[in-house]
Amino acid sequence: MTLPSHEVADLGLARAGVRRVDWAERSMPVLRSVRERFAAERPLEGLRVAACQHVTAETANLLRALRAGGAEVWLAASNPLSTQDDTAAALVAEYGVSVHAWAGMDPASYDRNLVTVLESRPHLLIDDGCDLVNTAHLVRPDLLDGVLGGCEQTTTGVIRLRRMSAEGELRLPMVAVNDTATKRMFDNRYGTGQSTIDGILRATNAMLAGRTVVVAGFGYCGRGLAERARGMGARVVVTEVDPVKALDAVMQGYTVTTMEEAAAAGDVFVTVTGNRDVIRAEHLGRMKDGAILANSGHFDLEIDLAALEDRAVEVNRGVREHADEYVFADGRRVLLLSEGRLVNLGAAEGHPAAVMDMSFAVQALTTVWLARNSAGLAPGVVEVPAETDTEVARLELAALDVRIDALTPGQEVYLSSWRL
């Protein structure tokens, strides 16, 4: 069998990867039903899809659905630390996906792999953080010819796309998959909350009960993280720049303050803002001995790593797996997890498969919608059709064997008329 283009750690890991992918599929009934539909209808026949995603078992099941729909798929990693090498091998050897990704790749390889998948001359892009779109626009704009549009999976990525669009630089219609109700509810809130705690505990074996956890950012991700930390007995402090989100946190019973004040009180700090330099030099100077620093905000910019390096007089790499210890001149130590990258994927396995089931079902259905409707879309950020979100929610409820009411004809008339 001729294998698709690939650069992975070890194809010999494919069998283990298949077991991992199959295990994830057990918790992804909605995406499985979408894949079966795609296999019958072949809605992506003849199209090439270039994806920049975390190379995990859950992602593999999304790409299987696209392959079942007839697409040729090329994949690069969206994070140097999150690639499961056995999953990458299985995608190449068993599922016919062109994969250019391996765990722990250096920045130059990461960038090169993005260009490699773009050189497949894709019709559709699937991005996670806007790195693929950014590379296409800034490094290889010649490869945008023939691209119909794309989808973006993350809050950070949608923020970047909206900036590009506002400046008139975005040359494609890009669908904000992140902004659907099901994605924000399941993936951002429940998924990020659980998987971030999972990553912190795996990396540190720390006790959260009775300790102070500082959550920087109270969007959907921060809200989910705060809920789960409080559920484990932690005192939760929230920092925010948005008055409305800060007020929401106050009304939910959290202590809300500035990072300057929280720095001296916190035991564990987690950034989930999508911005940069949230924890800076002045905050590091106030932290307790033994403070733990983690990030779940996509890029390794939220914690000022240069300031951390400058302040440290000693750095002990790998004091635990995925944990580096920085020692300051006064003897205080802080622990940085996953190099400041996504702790839930660097130190753990990301969101549970049941969470990604809904997110990736939305992604798969939106990819087909985009392929069918791209000709009528102008460059810019596009919302996912509401009916797609509703369809995925209904499929998930069916998978959970949950029944809901339907509007009666009289109720439908009442809701559609202002005269009654």
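Counting from 1, residues in each chain are numbered in the order their sequence is written. Residue-level local features of this predicted model are given only where pLDDT is at least 70; pairs of side-chain atoms are given and counted only at 80 or more, and the full residue set underlies all totals for whole chains, interfaces and linings. To obtain the side-chain values, all non-hydrogen atoms of the structure were used and water was disregarded.

What counts, and what does not: UniProt positions are given in the numbering used here, feature names are shortened, and annotations may be inferred rather than shown by experiment.
The protein goes by Adenosylhomocysteinase in an unreviewed UniProt entry, where it is assigned to Nocardiopsis sinuspersici. According to UniProt, the comment filed for the protein under the heading Subcellular location (unreviewed entry) is "Cytoplasm". The protein has a UniProt comment under Catalytic activity (unreviewed entry) that states "S-adenosyl-L-homocysteine + H2O = L-homocysteine + adenosine".

1. Digging into the overall build of the protein
Threshold: Numbered from the N terminus, helices here are DSSP runs of H or I no shorter than four residues, and strands are runs of E no shorter than two. Throughout this description, buried means an accessible area under 20% of the type-specific maximum (1.4 Å probe, protein chains only), exposed means over 50%, and partly exposed covers the range between. Any two residues having at least one pair of non-hydrogen atoms within 4.5 Å are treated as being in contact. Here the Shrake-Rupley method, with its probe set to 1.4 Å, supplies the accessible areas, and only the displayed protein chains count as covering residues. By the counting rule applied here, Lys and Arg register as positive and Asp and Glu as negative, while His and the ends of each chain are not counted. Charged groups are reduced to one reference atom each: NZ for lysine, CZ for arginine, CG for aspartic acid, CD for glutamic acid.
Tallying secondary structure elements over the protein gives 17 helices and 16 strands in all. Evaluated residue by residue, the protein yields a buried proportion of 55% over its 420 residues. Here the contacts in the protein between residues at least 6 apart in sequence split such that 72% fall between residues at least 24 apart. With the model as given, the accessible surface of the protein reaches about 17900 Å², and the carbon-plus-sulfur share is 51%. Both charge centroids of the protein, one from 42 positive and one from 57 negative side chains, sit 3 Å from each other.

2. Structural notes on the UniProt feature "binding site: substrate" (unreviewed entry) in the protein
Put simply, the test is: Here a polar contact means two N or O atoms within 3.5 Å. Within protein one must be a hydrogen donor candidate and the other an acceptor candidate, and residues neighboring in sequence count only if both atoms are side-chain atoms.
As annotated in UniProt, the feature "binding site: substrate" (unreviewed entry) corresponds to T56, D128, K183 and D187 in the numbering used here. Within the secondary structure, K183 is located in helix α8 (residues 181–204). With residues near it in sequence (within four places) discarded, K183 still touches Q153, V177, N178, N188 and S359. In terms of polar contacts, K183 uses its side chain to reach the backbone carbonyl oxygen of Q153, at 3.0 Å. Locating D187 in the fold gives a position in helix α8. On the basis of relative accessibility, which here comes to 5%, the residue D187 falls in the buried class.

3. Observations regarding the sheet that holds strand β2 (residues 48–53)
Basically, it comes down to this: In this analysis, strands are considered paired if DSSP registers two or more bridges between them. Angles here are taken between N-to-C directions and fall from 0 to 180 degrees, while the axes themselves are lines fitted to C-alpha atoms, restricted in helices to the stretch in contact.
Spatially, β1-β4-β3-β2-β5-β6-β7-β16 is the arrangement adopted by the 8 strands of the open sheet, whose pairing is parallel. Either end of the sheet is taken by a strand with one partner, and the two such strands are β1 (6–7) and β16 (380–382). Bridge analysis of strand β3 (residues 72–77) against strand β4 (residues 98–100) gives 3 bridges, and the strand direction is parallel. Along β4, the bridge assignment pairs W74 with S98. Contacting β2, β5 (124–127), β6 (149–152), β7 (173–176) and β16, helix α15 (residues 353–373) crosses the sheet at an angle of about 165 degrees to β6.

4. Quick look at the packing of aromatic side chains
Here is the rule we go by: Geometry of aromatic contacts follows a simple scheme: Phe, Tyr and Trp rings, the Trp one being its six-membered ring, pair when their centres are within 6.5 Å, and the pair is stacked under 30 degrees between planes, edge-to-face over 60, tilted otherwise. In this scheme, Lys NZ or Arg CZ marks a charge over a ring once it lies within 6 Å of the ring centre and within 35 degrees of the ring normal.
Taken as a whole and judged by the stated rule, the model has 2 aromatic pairs. Their ring planes at 65 degrees and their centres at 5.6 Å tell us that F218 and Y254 sit as a pair that is edge-to-face. Taken together, the residues span a long stretch of sequence, with F218 in the loop between β8 (212–216) and α9 (220–231) and Y254 in the loop between α10 (243–251) and β10 (255–256) at a distance of 36 residues. Given the relative accessible area of 5%, Y254 is considered buried. Here the guanidinium or amino end of R230 rests over the ring plane of Y254, the centre of that ring lying 4.0 Å away. When the ring centre of F328 is taken as reference, the NZ or CZ atom of R311 above it lies at 5.8 Å.

5. Some remarks on unusual backbone geometry
Outside of glycine, negative phi angles account for most residues, and trans bonds account for most peptide bonds. The phi torsion at R121 lies on the positive side, around 60 degrees, for a residue other than glycine. Tracing the chain through its elements places R121 in the loop between α5 (107–118) and β5. On the basis of relative accessible area, R121 is assigned to the partly exposed category, the value being 36%. Even without being glycine, D277 reaches a positive phi, approximately 55 degrees. Mapped onto the elements of the fold, D277 is located in the loop between β11 (268–271) and α12 (281–284). Accessibility expressed as a relative area gives 25% for D277, which makes it partly exposed.

6. Examining the side chain of T154
With respect to the helices, strands and loops of the structure, T154 is situated in the loop between β6 and α7 (155–166). If we skip the residues at most four places from it in the chain, T154 touches D128, G129, N178 and H298.

7. So, the pattern of salt bridges
Here the idea is simple: oppositely charged side chains can pair when their charged atoms come close. What counts is decided by this rule: Definition used for salt bridges: Asp or Glu carboxyl oxygen within 4 Å of a side-chain nitrogen of Lys or Arg.
Tallied over the entire structure, the rule returns 30 salt bridges. Through salt bridges with shared partners, a single ionic network connects R20, D86, D198, R202 and E349.

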